[in-house]
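Letter by letter, the chains look like this.
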Amino acid sequence: MCGFLAVAALRYFSKRCVFSFGVPLLCVFCYACLDEIHQHFTGGRTLLWQDFVIDTIGGLLGILFFQWLHALKRMVRLNAGFRLNEFTQTKISVSSVDRVHSP
C-alpha cells in the first residue's frame, strides 16, 4: 500500500519516468528502515533484516500494481480514442456521399 501511494503521489506532481519507479521504491525502502528501527525500540519486538526485505517487496508490488493500472488506463483511453476517430471518419464519409447524391 505504501508503494502504491508513493508512486501515485509522485506521479500526480511530476510525469518524469524516474518518479514512476526509482524514487517511490527508495521511499518505500526508507519507510521500511524507519519502521524496523522503530520496532527495535518497542518492547517485545525485534529488528530483523528479513522485515526490511518483506516490506520493500510489498512496496515494490504496490508500485508494479500502480504501473499496471496506469498502463491499462492508457490502453483503454487509446482504444476509446481510436473508436471515436473511426466513428467520426465513417460519419464524415457517409455525409459527404449523401451530399453528392442528393438532388
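Calculation criteria
Residues numbered from 1 in each chain as written. Predicted model: local features only at pLDDT ≥ 70, side-chain atom pairs only at ≥ 80, totals over all residues. Heavy atoms only, no water. Helix = DSSP H or I, 4+ residues; strand = E, 2+ residues; numbered from the N terminus. Contact = heavy atoms within 4.5 Å. Disulfide = S-S within 2.5 Å. Buried < 20%, exposed > 50% of the residue type's maximum accessible area, 1.4 Å probe, protein only.

1. Focus: the side chain of T56
- Of note, T56 is situated in helix 3 (residues 49–101).
- Here T56 is in contact with L25, V28, F29 and A32, once residues within four sequence places are set aside.

2. A few points about the state of the cysteines
- Scanning the entire structure with this criterion turns up zero disulfides.
- No disulfide involves C27; its sulfur sits 6.7 Å from that of C30, the nearest cysteine.
- Overall, the relative accessible area of 39% leaves C27 in the partly exposed class.
- C30 takes part in no disulfide bond, and the closest cysteine sulfur to it belongs to C33, at a distance of 6.1 Å.

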